[in-house]
Amino acid sequence: MRKSTLARCFQYEIFPRRATRFPLSWDDIFSRSAPLFVEVGFGNGAFLIHWAREHPEGNFVGIEISLESLERAQRHIFQEGLRNIRVIHEDARFALREFFADNSIRHLMMNFPDPWPKERHRERRALSSHFVHILGAVLERDGRFELVTDQEWYAQQALELFQGFPYLAVERVENNPLRPVQTKYEKKWRRTGRDIFRVIARKVQPTTVKRIIEGGTMPHILIPDRPITVQHIHSLENLQKEVPNHFFIVKESFASPDGKKFLLLIITRDYDYQQKFYITVVARQNGWIVKLESTTQPYRTPAVKMAVQEIGRRLLA
Ligand SMILES: C[S@@+](CC[C@H](N)C(=O)[O-])C[C@H]1O[C@@H](n2cnc3c(N)ncnc32)[C@H](O)[C@@H]1O
């Protein structure tokens, strides 16, 4: 594939880490105001593409955690010449909560989510009571959530979760529904004779959820002129701080040969969301600046801001 074709092929991915305002403005991203349709875990993109082709009046967003799937789907979107699809590489549980405003999604689709049947893997399951709260927040009033799965217990669990909260009313439960397009996994399970289950629920009562991305400009600290040495920077290793729901630790430090730039490898946790990134300490004309290293771009969460502030405070002391 020629280089320019390749670049155009990957034009559908959006990079929320570069955004300064959250939730994202989907009208700006699509350059038009239109109902939002979202598919979580779109795999090779067959359903998303069919859906977007059938509804040119909608803006379609696919969220996928596998980079390989993201690339494969974009090649197909490009071949189809569709302009109303964007894709995001992220954990859908995080993306739905952080990138979408309350009452903004008309229809949210989940085709054959990984069921994670073992109890010790429960944390990885997309469906949970927190997820039901997220749906209660981000779906439009009367917006739909649609789940298709080959695991009867998973469909049953969805029903029980919806019944446990007032936000979604179950509209339809079907066995082996006829669908206009079959996904890769649907074909696979049908070939082996498995039953397919579909649950459709409608949002009937709104709620909201707490978001952790604060957006805004890059946090930074200016340090007036003073010697900052490799030893200073090394002494920051293992520096950590925890306040309720937010935590950071400095894992490693690196120095440039001329001693004018240092890198600190940081791990943060905000609730259950973990990020790994670098903070840099760089010599300036009249001192130093402590800031996020631009190549790793974490989301600006309370723990990320706390890390920059605490490192700045230590170097100022
Ligand atoms: C069993 S496959 C189904 C793929 C496709 N929907 C289909 O029906 O052919 C599950 C898909 O969900 C994606 N996935 C799993 N957990 C995810 C998450 N937390 N956020 C986004 N995608 C996820 C996986 O990468 C995978 O592509």
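Quantities reported herein were computed from a predicted structural model and do not represent experimental measurements.

Caption draft 1: Representation of the overall build of the chain. Of regular secondary structure, the chain possesses 10 helices and 13 strands. Across its three principal axes, the chain shows a C-alpha extent of roughly 70 × 50 × 40 Å. Sorting the 317 residues of the chain into buried and exposed places 31% on the buried side. Counting only contacts in the chain whose residues sit at least 6 apart along the sequence, the fraction spanning at least 24 positions is 70%.

Caption draft 2: Molecular detail of the site of the ligand. Of all residues adjacent to the ligand, which total 21 residues, the nearest are Gly41, Gly43, Ser66, Ala92 and Thr183. Of all the secondary structure elements, the ones that give two or more residues to the shell around the ligand are β2 (59-64), α5 (92-99) and α8 (184-191). At three residues, α8 tops the list of elements feeding residues into the shell around the ligand. Here the shell around the ligand is composed, by residue class, of nine nonpolar, six polar and six charged.

Caption draft 3: Summary view of the sheet that holds strand β8 (residues 220-224). Read from one edge of the open sheet, six strands run β8-β13-β12-β11-β10-β9, paired in antiparallel fashion. Only two strands of the sheet have a single partner each, and these edge strands are β8 and β9 (240-243). Each neighbouring strand pair of the sheet contributes to a mean axis angle of 20 degrees, computed without reference to strand direction. Across nine bridges, the pairing between strand β10 (residues 246-255) and strand β11 (residues 261-270) is antiparallel.

Caption draft 4: Structural context of the nonpolar core. One finds Val38, Leu48, Leu108, Leu135 and Val138 to be the most contacted residues of the largest nonpolar core, which totals 54 residues. Sorting elements by how many residues they give to this core places helix α6 (residues 129-138) first, with six residues. Aside from chain neighbours lying at most four places away, what touches leucine 48 is Glu39, Phe42, Phe60, Gly62, Ala73 and Ile85. The next biggest cluster of nonpolar side chains, apart from the first, holds 16 residues, and it includes Ile266, Val290, Val304 and Ile311.

Caption draft 5: A look at the sheet that holds strand β3 (residues 85-89). Here seven strands make up an open sheet; going across it, the order is β3-β2-β1-β4-β5-β7-β6 and the pairing mixed. Of all strands in the sheet, those bounded by a partner on one side alone are β3 and β6 (168-175). Mean inter-strand twist for the sheet, computed between neighbouring axes without regard to direction, equals 15 degrees. The pairing of strand β1 (residues 36-40) with strand β4 (residues 105-111) spans five bridges and is parallel. For valine 40, the partnering residue across the bridge sits in β4 and is methionine 110.

Caption draft 6: Spatial organisation of α6. Counted residue by residue, α6 has seven buried out of 10 residues, so it is predominantly covered. Of the positions making up α6, those classed as buried are Phe131, Val132, Ile134, Leu135, Gly136, Ala137 and Val138.

Caption draft 7: How the structure looks around helix α4 (residues 67-80). Given a rise of 1.5 Å per residue, 14 residues ought to cover 20 Å, and the 20 Å separating the end C-alpha atoms of α4 matches this to within 8%. Following α4 by one or two positions, glycine 81 adopts a phi angle in the positive range, close to 70 degrees.

Caption draft 8: Region of interest: the domain arrangement of the chain. Under the domain assignment, the chain is made up of domain 1 (3-203) and domain 2 (220-316). Look at where the C-alpha atoms of domain 1 and domain 2 centre, and you get two points 36 Å apart.

Caption draft 9: The arrangement of the packing of helix α3 (residues 46-54) against α4 in detail. One way to put it is that α3 packs onto α4 with a least axis distance of 10 Å and a crossing angle of 30 degrees. Comparing the axis directions of α3 and α4 gives the class roughly parallel. Crossing of α3 against α4: the hand is right-handed. Residues Leu48, Ile49 and Arg53 of α3 touch α4, and the partners they reach there are Ala73, His76, Ile77 and Glu80. For the contact of α3 with α4, the class distribution of residues is four nonpolar, one polar and two charged.

Caption draft 10: Highlighting the pairing of β11. Side chains Phe262, Leu264, Ile266, Thr268 and Asp270 of β11 all project onto a buried face; the interleaved residues Lys261, Leu263, Leu265, Ile267 and Arg269 project onto a face where none is buried. The hairpin formed by β10 and β11 contains five residues between the paired strands, and glycine 259 there has a positive phi angle of roughly 70 degrees. Across 10 bridges, the pairing between β11 and strand β12 (residues 273-284) is antiparallel. Paired with isoleucine 267 across the strands is lysine 276, a residue of β12.

Caption draft 11: A look at unusual backbone geometry. Here the bond from phenylalanine 22 into proline 23 is cis, since omega is -5 degrees, no more than 30 degrees from zero. Tracing the chain through its elements places proline 23 in the loop between α1 (3-9) and α2 (26-30). Phi is positive for phenylalanine 112, close to 50 degrees, though the residue is something other than glycine. Within the element layout of this structure, phenylalanine 112 appears in the loop between β4 and α6. A count of 21 C-beta atoms within 10 Å places phenylalanine 112 in the buried class.

Analysis parameters
- Counting starts from 1 at the beginning of each chain's written sequence and moves along it residue by residue.
- Reporting in this predicted model follows two pLDDT cut-offs: at least 70 for local features of residues, and 80 or more for side-chain atom pairs to be given and counted; totals over whole chains, interfaces and linings ignore these cut-offs and use all residues.
- The helix and strand labels rest on DSSP assignments: H or I over at least four residues marks a helix, E over at least two residues marks a strand, and numbering proceeds from the N terminus.
- Put plainly, a residue is buried at 20 or more neighbouring C-beta atoms within 10 Å of its own, exposed at 12 or fewer, and partly exposed in between, counting only other residues' C-beta atoms, which are placed from the backbone.
- Throughout, a pair of residues is in contact if the C-beta atoms placed from their backbones lie within 7 Å.
- Put plainly, near means the residue's C-beta atom, positioned from the backbone, lies within 6 Å of the molecule or strand in question.
- Throughout, the ten residues Ala, Val, Leu, Ile, Met, Phe, Trp, Tyr, Cys and Pro are labelled nonpolar, Asp, Glu, Lys and Arg are labelled charged, and all others, Gly among them, are labelled polar.
- Only when DSSP finds a minimum of two bridges between them are two strands counted as paired.
- Comment: axis = line fitted to C-alpha atoms, over the contacting stretch for helices; angle = value between 0 and 180 degrees taken between N-to-C directions.
- Residues enter a nonpolar core if they are buried, belong to Ala, Val, Leu, Ile, Met, Phe, Trp, Tyr or Cys, and are joined to the set through C-beta atoms within 7 Å.
- Here a helix's expected span is defined as the number of its residues, less one, multiplied by 1.5 Å.
- In this document the domain limits rely on a domain assignment from an automatic tool or a database.
- For classification, angles of less than 35 degrees are called roughly parallel, those exceeding 145 degrees roughly antiparallel, those between 65 and 115 degrees roughly perpendicular, and all remaining angles oblique.
- In this scheme the handedness of a crossing depends on how the near helix is turned from the far one: anticlockwise by less than a right angle means left-handed, clockwise means right-handed.

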